[in-house]
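# Notes for the structure review
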Amino acid sequence: MTAPVFLTEPGGLAHDTVVLSGPEGRHAATVRRLVAGEAVHVVDGAGTRARCVVGAVGKDRVTLEVRDRVHEPSPTPRITVVQALPKGDRGELAVEVMTEAGVDAIVPWAAQRCVTRWKAERAEKSLNKWRATAREAAKQARRSWVPEVAGLASTRDVVALLSSAALGVVLHEEAEERLAALALPTDPAGGIVVVVGPEGGISDPELAAFTQAGAVPALLGRTVLRTSTAGVAALAVLQARCGRW
């Protein structure tokens, strides 16, 4: 059985003793019911992993003794998925499965045809849900790196992101080139940026702006996926083609 993974803040693994407290400590003590002597892993979300042994368990606090540490370099090329806002809780679903599949960054995008809109207090609440989902999914997947979930992006923001990428891809059902056959960048600097449109599709002005920024429209396959699953499908293709899988 593999050791459970817990998350601490960046820099939290600098000492030989790690204390899990707050929600993470309560989960370790009351849900996972850790006991003294049990092996666990703790990650800081920025590549560092510590192999630990449980020293003491309290009501909502667990003390761990660090046995060794390793730092896992970030994967290359960096893969960012720009995700148009889905309806309901499908946004959290998209974040969860993409995190499990190894995405490096997720950018929520307010596309023209999005039904869902993040405004005022809802924007902060929704963004926090996406970030919490990424953290929990990263632990479930035993990742040392927690993907960045950026703030809500406009179309102009996405254009700037695509302009600086080594490869920009826009998933589109009418594209002639297949994602599985696109030429990959020889230099990983700038990374790969994939744009996933909303259920209503990417508008013509948006597509034009993205292609002018250097992005390539690409087809996943013959079927049309929902916006909440298209990102993880594209990510799987790129992970395999780039040798990250």
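These numbers were taken from a predicted model, which means no experiment stands behind them.

Strand order in this open sheet of five strands is S1-S3-S4-S5-S2, and the pairing throughout is mixed. Both outer strands of the open sheet, strand S1 (5-7) and strand S2 (17-20), are each paired with one neighbouring strand and no more. The sheet shows a mean angle of 40 degrees between the axes of neighbouring strands, taken without regard to direction. Looking at chain direction, S1 and strand S3 (residues 39-43) are connected through three bridges and run parallel. When the bridges of S3 are listed, Phe6 appears paired with Val42. Packed on one face of the sheet, helix H1 (residues 22-31) meets S1, S2, strand S4 (48-57) and strand S5 (62-71) and runs near 160 degrees to S1.

Here the focus is helix H2 (residues 90-101). The end-to-end C-alpha distance of H2 is 16 Å, a good match for the 16 Å that 12 residues give at a rise of 1.5 Å each. Within the sequence span of H2, burial applies to Gly91, Ala94, Val95, Met98, Thr99 and Ala101. The arc that holds every buried residue of H2, seen down its axis, measures 160 degrees, which confines them to one face. Buried residues in H2 make contact with strand S6 (79-84), strand S7 (105-109), helix H3 (120-140) and helix H6 (227-241).

What follows covers the UniProt feature "domain: Ribosomal RNA small subunit methyltransferase E PUA-like" (unreviewed entry) in the protein. With numbering matched to this structure, UniProt assigns "domain: Ribosomal RNA small subunit methyltransferase E PUA-like" (unreviewed entry) to residues 20-66. Structurally, residues 20-66 comprises 21% helix and 45% strand, and the distance from its first C-alpha atom to its last is 13 Å.

In this section: the pairing of S4. Note that S3 and S4 share five bridges and pair antiparallel. The residue bridging Val40 from the neighbouring strand is Cys52, located in S4. When S4 meets S5, the two strands line up antiparallel, connected through nine bridges. The residue of S5 that forms the bridge with Arg51 is Asp68.

Here we take up the sheet that holds strand S9 (residues 167-171). Spatially, six strands are ordered S8-S7-S6-S10-S9-S11 in an open sheet, and the strand pairing comes out parallel. Only two strands of the sheet have a single neighbouring strand rather than two, namely strand S8 (148-149) and strand S11 (216-218). Pairing geometry for S6 and strand S10 (residues 192-196), over five bridges, is parallel. From the neighbouring strand, Gln83 faces S10, where its bridge partner is Val196.

Definitions and cut-offs
- Residues numbered from 1 in each chain as written.
- Predicted model: local features only at pLDDT ≥ 70, side-chain atom pairs only at ≥ 80, totals over all residues.
- Heavy atoms only, no water.
- Pairing = 2+ DSSP bridges.
- Helix = DSSP H or I, 4+ residues; strand = E, 2+ residues; numbered from the N terminus.
- Axes fitted to C-alpha atoms, helices over the stretch in contact; angles between N-to-C directions.
- Contact = heavy atoms within 4.5 Å.
- Expected span 1.5 Å × (residues − 1).
- Buried < 20%, exposed > 50% of the residue type's maximum accessible area, 1.4 Å probe, protein only.
- Arc of directions from axis to C-beta.
- UniProt positions renumbered as here; feature names shortened; annotations may be inferred.

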